[in-house]
There are 2 protein chains.
Amino acid sequence: MTTDFNTTNQDNAAPLETDETNDMISSRKVQGTAVYGHDGAKLGTIESFMVNKASGQVEYAVLEFGGLFGIGSDHYPIPWNQLRYSPDESGYLVDLDRDALEKAPKYDGAGDDGFNTARSHEVDTYYSTI
Amino acid sequence: MTTDFNTTNQDNAAPLETDETNDMISSRKVQGTAVYGHDGAKLGTIESFMVNKASGQVEYAVLEFGGLFGIGSDHYPIPWNQLRYSPDESGYLVDLDRDALEKAPKYDGAGDDGFNTARSHEVDTYYSTI
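Just so it is clear, the structure is predicted and the values come from calculations on it, not from any experiment. (Residues numbered from 1 in each chain as written. Chains lettered and ligands numbered in written order. Predicted model: local features only at pLDDT ≥ 70, side-chain atom pairs only at ≥ 80, totals over all residues. Heavy atoms only, no water.)

Caption draft 1: Seen up close, the environment of Asp97(B). All names here are of chain B. On the secondary structure map, Asp97 appears in the loop between β7 (91-93) and α2 (98-103). Residue Asp97 is classed as partly exposed on the basis of its relative accessible area, which comes to 25%. Asp97 sits 54 residues away from Leu43 along the chain, and the two C-alpha atoms are 7.6 Å apart. If near-sequence neighbours (up to four positions away) are discounted, Asp97 is found in contact with His38, Asp39 and Leu43. (Helix = DSSP H or I, 4+ residues; strand = E, 2+ residues; numbered from the N terminus. Buried < 20%, exposed > 50% of the residue type's maximum accessible area, 1.4 Å probe, protein only. Contact = heavy atoms within 4.5 Å.)

What follows is the structure, given as structure tokens:
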């Protein structure tokens, strides 16, 4: 899968919004954006990023799915390079479907089942096989 | 200035929180975090990141200052590598003071005065002289 974060802003002459340029996008704008699988079904929304503290590299986008108003929802960290932006969908596309997502590593945000370094290796391994 | 996003989690045996590991931190956790100048004065809080769409690199942390509940506040994009985390302060330190910040490029988030590519060059130039 190629990484493509192009947006409609590159395709027409509309004024750029404050929270987006040709090259960059605000974390506030990405959070809450829908994520669609390769079959077109909505898989969830982006809840947050995981950022490498030293380099500033966004390593994972955390996809949120299920629950009610954020309570009881599952969190699926997806490697950033698995996401590409679709202007037509106004959302991100991933090369997954619901079944593949449900088998992916996740955490519920509670206690010891957090997203730690060991878990990040597990995530990387999973997506390297997709 | 060295980039150092180490946190107290590396200094003790406390369980890692879900939104932070030794290497990574959640965008949700950084947003709202205080930023202090080199004289110890609080300059503002981090409102958001600007992320390179293609690479996933966090280019700027946007410092918010002034206004009331986000209305009328100014936004100062600061290159990510200018920030380092201080466990003692529970916040980020920058090698600026209030005077230097007030001279830095900013935007108010309204209309044409947005953060565009031309503005990002202006920001880079300003901080390269600090």
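Caption draft 2: A look at the packing of aromatic side chains. All told, the structure shown has 6 aromatic pairs over all chains when counted by the stated rule. Relative to Tyr127(A), the ring of Tyr126(A) lies with its centre 5.3 Å away and its plane at 85°, an arrangement referred to as edge-to-face. In this structure, Tyr126(A) and Tyr127(A) share a single accessibility class: buried. Pairing Tyr85(B) with Tyr92(B) gives two aromatic rings, centres 5.1 Å apart and planes at 70°, and the pair type is edge-to-face. Its relative accessible area of 19% is what places Tyr85(B) among the buried residues. (Phe/Tyr/Trp six-rings, centres within 6.5 Å; stacked < 30°, edge-to-face > 60°.)

Caption draft 3: Just the side chain of Ser48(A), in detail. For Ser48(A), the location among the structural elements is in strand β3 (residues 42-52). Within the structure, the side chain of Ser48(A) is placed 2.6 Å from the side chain of Glu47(A), a separation counted as a polar contact. Not counting residues up to four positions away in its chain, the partners in contact with Ser48(A) are Gln31(A), Tyr60(A), Ala61(A), Val62(A), Ser26(B), Ser27(B) and Arg28(B). (Polar contact = N/O pair within 3.5 Å; in protein donor to acceptor, adjacent residues only side chain to side chain.)

Caption draft 4: Highlighting the pairing of strand β4 (residues 58-65) of chain A. Residue and element names in this part refer to chain A. Examined bridge by bridge, β3 and β4 share 6 bridges and lie antiparallel to one another. Looking at the pairing, Phe49 lines up with Ala61 of β4. The hairpin turn running from β3 into β4, its antiparallel successor, is 5 residues long, and Gly56 in that turn takes a positive phi close to 80°. Here β4 runs beside strand β5 (residues 74-79); their pairing, made up of 6 bridges, is antiparallel. (Pairing = 2+ DSSP bridges.)

Caption draft 5: Structural context of the confidence of the model for chain A. Looking at chain A, pLDDT values average 77 and 73% of them are 70 or higher. Segment residues 1-17 of chain A is flagged for pLDDT under 50; beyond a separation of four residues in sequence, or across chains, it makes 32 contacts in the model. (pLDDT = per-residue confidence, 0-100.)

Caption draft 6: Representation of the pattern of salt bridges in the model. Under the counting rule described, the total for this entry stands at 4 salt bridges over all chains. Two residues, Arg28(A) and Glu47(B), come together in a salt bridge whose shortest N-O distance is 3.5 Å. Of this pair, Arg28(A) sits in helix α1 (residues 27-30) while Glu47(B) sits in strand β3 (residues 42-52), on two different chains. In this structure Arg28(A) comes out as partly exposed when scored by relative accessible area, which is 40%. Residue Glu47(B) is classed as buried on the basis of its relative accessible area, which comes to 18%. The partner of Asp74(B) in a salt bridge is Lys106(B), with the nearest N and O atoms 3.4 Å apart. You can see Asp74(B) sitting in strand β5 (residues 74-79) and its partner Lys106(B) sitting in the loop between α2 and α3 (117-128), a full 32 residues away along the chain. (Salt bridge = Lys/Arg side-chain N within 4 Å of Asp/Glu carboxyl O.)

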